[in-house]
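So you can see what is in the structure, the chains are spelled out below.
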Amino acid sequence: MSKIMKPIRKTGIIGYGAYIPKYRLPASEISNLWRDGQDKDFLPIKQKSVPGPDEDTITMSIEASQNALKRAGTDPQKIRAVWVGSESHPYAVKPSGTVVSQILGIVPDTVAGDFEFACKAGTEAIQAATAFVGSGMGEYALAVGMDTAQGKPGDALEYTAAAGGAAFIMGPAEEAVAVLEGSYSYVTDTPDFFRRAHQKYPEHGNRFTGDLAYFHHIFNAVTTLMEELNLQTSDFAQAVFHQPNVKFPRKKAKDLNFTAKQIKEGLLVDFVGNTYAGASVLGFTAALDKANPGDRILLASFGSGAGSDAFSFIVTDKIEKVRDRAPSTRSYVHREEKIEYARYARWRNKIVMH
Amino acid sequence: MDIPRYWRLRNQRYRLEGTECIECGQRNFPPRCICPHCKSDSLKSFRFSGRGTVYSFSTIYQALDTFDKDIPYSIALVKLDEGPLITTQLADVGPDEIQIGQPVEMVIRKIYEDGENGPIQYGYKFRPALKE
Ligand SMILES: [Zn+2]
């Protein structure tokens, strides 16, 4: 059986957009408070992004989607699906997509729902949007991966749990800045990381997080995709992996025979942290910002629970025209104001008053 | 603000939709039924670009409980590029960083949460214009 997934009608990315909040918490702030700086030489990243007190997954999805719309130049009324992938939807019941589509002028002729699959909720939305457009159910669909992730104070995840993400308007290949060559998804039941209903912070099954979760799933997703498309690592100009820290994507790239140069542009975690559902897709927008027509780009997410989505995109000459219509991903990376742990704790509701 | 009122005004607050006078061309925000300039009642909906400059501002240190999480925050009169002066909260900017005449742009932010169980209200704020 053929495992590769391809829509009936050729489909691609018409517009893409990123968003990262302005504030950064250096990992040293967490280390100094919780570990007396004892782990200062082994920090997983330099700093992570923190949303302002008035930001959430909905507001951030709106800005990323506005950037995607600017690049696409599409009439919002022609977008027939709005799917936001996140593990930090502001409401338990009321789709983020309703507010997003009202504000962007997409309503009322649309479907709008939320996706949840830990850190791969964004690429899950891309798969669905591709199918929706590729089957002809709608001309365009909007897929967003966005998070304001939270780690338990003092926990290993607190160093990296960050905020940001990206939005993509999928549409017919003739209009695309990057055409989808094929995709593949690999999913198993793995208890590496989860959050029960009504709990504020997630739990992680330590012994599962590395080999059995991240590495196993991405390895299978990427090697199957490449085998089925008959591709070698050297066929890709760039590769972007889910990035929970600096070490994991570097090791994964090496295992799969990708060079440091191939993953460089899409590796943002050291400067902005792990933006969960936003992480691989945000890196992918940075890769698109630097891509040349004809380049092939690999995107591979990982979501705990667990699974990985792998995509191969081929960049078209349309990218040159649309790139500068919205702020680059790097411009959001460089827009930064460092904050101290106290302000972070207040804004992120870590100080409990009742 | 109560839920029905917020719902009724959502396209103003979400999309900066005001009015343009068909007779004299004056643009207004919030939307009007009668043109304040020429008294005409033939008006059409007009969506503002969301760009403007800071006309004046003030910083709030004592707020209602609803806005406690945000203090200190600044309120500004912003002169929109299309003419009208509007009152808005500023985002992503400390009180010492704001300057009169500074270019600003509209963003969508949380305005407030109606307690632990109520709705979250979103709407426009303005932040220093992104450079690029
Ligand atoms: Zn008039």
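Every residue gets a number counted from 1 within its own chain, in the order that chain's sequence is written. As they are written, the chains are lettered A onward and the ligands numbered 1 onward, keeping that order. The model is predicted, so local features are restricted to residues of pLDDT at least 70 and side-chain atom pairs to those at 80 or more, both for listing and for counting; the totals for chains, interfaces and linings are taken over all residues. Side-chain metrics in this entry use all non-hydrogen atoms of the structure; hydrogen atoms and water are not considered.

Time to look at the layout of surface pockets. There is about 780 Å³ of room inside the second largest pocket. At the level of secondary structure, the elements contributing two or more residues to the lining of the second largest pocket comprise helix 2 (57–72) and helix 3 (96–104) of chain A together with helix 2 (10–15) and strand 7 (103–113) of chain B. Top element by residues in the lining of the second largest pocket is helix 2 of chain A. It accounts for six residues. As defined here, a cavity is a set of points on a 1 Å grid over the protein atoms alone where a 1.4 Å probe fits but cannot get out. A pocket is an open set with protein on both sides within 12 Å along at least five of seven lines, and residues line them when an atom is within 4 Å of a point. Grid points are joined across faces, edges and corners, and a volume is the space filled by probe spheres set on the points. Helix and strand labels come from DSSP, where a helix needs a run of H or I of at least four residues and a strand needs a run of E of at least two; each type is numbered from the N terminus.

All names here are of chain A. Under the domain assignment used here, chain A contains domain 1 (11–177 + 326–342) and domain 2 (178–321). As used throughout, domain bounds are those supplied by an automatic or database domain assignment. Centre-to-centre separation of domain 1 and domain 2, based on C-alpha positions: 15 Å. For this analysis, residues touch if any pair of their heavy atoms sits within 4.5 Å. Taken residue by residue, the interface counts 58 residues in domain 1 and 55 residues in domain 2. Carbon and sulfur atoms make up 61% of the surface buried where domain 1 meets domain 2, a total of about 4200 Å² over both sides. We define a salt bridge as a contact between a side-chain nitrogen of Lys or Arg and a carboxyl oxygen of Asp or Glu at a distance within 4 Å. Counting the contacts that link domain 1 with domain 2 gives five salt bridges. Of the charged contacts, one joins Arg71 and Asp289 as a salt bridge, the two residues approaching to 3.8 Å between their closest N and O atoms. Polar contact is defined as a pair of N or O atoms within 3.5 Å, subject to the rule that within protein one atom must be able to donate a hydrogen and the other to accept it, and that residues adjacent in sequence are counted only when both atoms are side-chain atoms. Across the domain 1-domain 2 interface, the total number found is 28 residue pairs in polar contact (both at pLDDT 80 or more). Mapped by element, the contributors of at least two residues to the side of domain 1 that touches domain 2 are strand 1 (11–19), strand 3 (47–50), helix 4 (121–134), strand 6 (140–148), strand 7 (163–172) and helix 11 (329–334). By buried area we mean how much accessible surface two parts lose on assembly, using a 1.4 Å probe and totalling the loss over both.

Turning our attention to the coordination of the zinc ion. All names here are of chain B. Excluding water, the donors of a metal are its N, O and S neighbours within 2.8 Å, or within 3.2 Å for Na, K and Ca, and that exclusion means sites may look incomplete. Surrounding the zinc ion are the protein donor atoms Cys21 (SG), Cys24 (SG), Cys35 (SG) and Cys38 (SG), at 2.3 Å. Only two sets of limits are used to name each site, 85 to 135 degrees for every angle of a tetrahedral four-donor site, and over 155 degrees for opposite donors with all other angles from 65 to 115 for a square planar four-donor or octahedral six-donor site, with any other site named irregular. Note that the zinc ion binds four donor atoms; their angles at the metal cover 103 to 113°, and the shape is tetrahedral. Binding-site remark: the zinc ion is held by donors from one chain whose sequence spacing is C-x2-C-x10-C-x2-C. Here Cys21, found in strand 1 (residues 17–21), pairs with Cys35, found in the loop between strand 2 (27–28) and strand 3 (43–47); they are 14 residues apart in sequence, far enough to count as distant. The pair Cys21 / Cys35 is uniform in exposure class, with both members buried. Note on exposure labels: buried denotes an accessible area under 20% of the residue type's maximum, exposed denotes more than 50%, and partly exposed covers the range between, all computed with a 1.4 Å probe on protein chains only.

Residues and elements named next belong to chain B. Here a Phe, Tyr or Trp ring, Trp counted by its six-membered ring, pairs with any other such ring whose centre lies within 6.5 Å, and the pair is stacked when the planes are under 30 degrees apart, edge-to-face when over 60, and tilted otherwise. One pass over the full model with this rule turns up 21 aromatic pairs over all chains. Taken together, a centroid distance of 6.1 Å and an interplanar angle of 90° make the contact between Phe29 and Phe48 edge-to-face. Of the two residues, Phe29 is situated in the loop between strand 2 and strand 3 and Phe48 in the loop between strand 3 and strand 4 (51–60); the sequence distance between them amounts to 19 residues. Summarising the burial analysis for this pair, Phe29 and Phe48 share the class buried.

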